[in-house]
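Okay, here's what each chain looks like letter by letter:
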Amino acid sequence: MISEKLLFYLFSLVLVFAASRVISVRNPVHAAMFLVLAFFSSAAIWLLLHAEFLAIALVLVYVGAVMVLFLFVVMMLDINITVLREGFTRYLPIGAFVSALILIQMVLVLWNAKGHAVEPIGMMIDGKSNTEAIAQVLYTTYVYPFEIAAVILLVAIIAAITLTMRSSRRTKYLTPEKQIHVRRADRIRLVKMPAEKKD
């Protein structure tokens, strides 16, 4: 049976490898996939440390945020989606590699949990679950940094929306005011031409 220390070092190596690939690859799609792998590796390490709430929050929040970030980058760079979809098969090998590593990590964590007498999910800390202990510390000791982080995130969301709401040159808009006040002379022009005579 694989020991928890060996699993910790294995997931740490994968995490360091994925984090280094995030900043070393040139393709933004590959970087996003390696970032997802880094998040899953961190979640696996937290599961080994019996911090289930943090692991689930990391996967649900940050992995979802990576996809939103990727879409935001696509909108900012004005990438042609049709061309991006045409080259979708190019990203299949890296996607399969990252998916396989994530699957192996989850299998190792679950297999280790079944083979060892580990603490149940929702381990109690001083008579409280880890979720309740985190909430108590977060909303008492660190309430001001938590609120400051929330305000910064709100400002970042507003700035992102403001940056992406720009007029596109390819988009054509209809103005109802101009359509109502249009005159026939503005749209139709009658041209008088002399009749052609056949020889």
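Basis of the calculations
Each chain carries its own residue numbering, running from 1 in the written order of its sequence. The predicted origin of the model limits local features to residues at a pLDDT of at least 70 and limits the giving and counting of side-chain atom pairs to 80 or more, whereas totals for whole chains, interfaces and linings rest on all residues. Neither water nor hydrogens contribute to the side-chain values; these are computed over all heavy atoms in the structure. Each helix corresponds to a stretch of at least 4 residues labelled H or I by DSSP, and each strand to a stretch of at least 2 residues labelled E; elements are numbered beginning at the N terminus. Contacts are assigned to residue pairs that have any heavy atoms within 4.5 Å of one another. Throughout, the Shrake-Rupley method with a 1.4 Å probe supplies accessible areas, and for residues the shown protein chains are the sole cover considered. Excluding any residue in a salt bridge, patches collect residues exceeding 30% relative accessible area, merging like charges within 9 Å and nonpolar Val, Leu, Ile, Met, Phe, Trp and Tyr side chains within 5 Å. A pair is scored as a salt bridge if a Lys or Arg side-chain nitrogen falls within 4 Å of a carboxyl oxygen belonging to Asp or Glu. Under the rule applied, a polar contact is a pair of N or O atoms within 3.5 Å (in protein, one hydrogen donor and one hydrogen acceptor; residues adjacent in sequence only if both atoms are side-chain atoms). Relative accessible area decides the class of each residue, using a 1.4 Å probe on protein chains only: under 20% of the type maximum gives buried, over 50% gives exposed, and in between gives partly exposed. UniProt positions are given in the numbering used here, feature names are shortened, and annotations may be inferred rather than shown by experiment.

Draft legend 1. Local environment of the overall build of the chain. Regarding its fold elements, the chain presents nine helices and two strands. Traced from its N-terminal end to its C-terminal end, the chain shows the element sequence α-α-α-α-α-β-β-α-α-α-α. Once local pairs closer than 6 in sequence are excluded, the contacts in the chain between residues at least 24 apart make up 72%. As displayed, the chain has an accessible area near 15,800 Å², and 68% of this comes from carbon and sulfur atoms.

Draft legend 2. Region of the structure containing the side chain of Ser42. You can see Ser42 is positioned in helix 2 (residues 28-48). If near-sequence neighbours (up to four positions away) are discounted, Ser42 is found in contact with Leu15 and Leu58.

Draft legend 3. Spatial organisation of a nonpolar patch on the surface. Together, Trp46, Leu49, Phe53 and Leu54 make up a nonpolar patch on the protein surface, roughly 350 Å² of accessible area in all. Mapped onto the elements of the fold, Phe53 is located in helix 3 (residues 52-77).

Draft legend 4. Structural context of the side chain of Ser41. Inspection of the secondary structure puts Ser41 in helix 2. Among the polar contacts made by the side chain of Ser41, one reaches the main-chain carbonyl oxygen of Leu37 at a distance of 2.9 Å. Excluding residues that lie within four positions of it along the chain, Ser41 makes contacts with Phe11, Val14, Leu15 and Gln105.

Draft legend 5. Spotlight on the environment of His50. With respect to the helices and strands, His50 occurs in the loop between helix 2 and helix 3. For His50, a relative accessible area of 17% translates into the label buried. With 80 residues separating them along the chain, His50 and Asn130 place their C-alpha atoms 8.5 Å apart.

Draft legend 6. Summary view of the UniProt feature "transmembrane region" (unreviewed entry) in the chain. Sites flagged by UniProt as "transmembrane region" (unreviewed entry) map to residues 6-24, 31-49, 55-79, 91-111 and 142-163. Across residues 6-24 one finds 100% helix and 0% strand; the C-alpha atoms that close the span lie 27 Å apart. This span, residues 31-49, is 95% helix and 0% strand, and a straight line between its end C-alpha atoms measures 27 Å.

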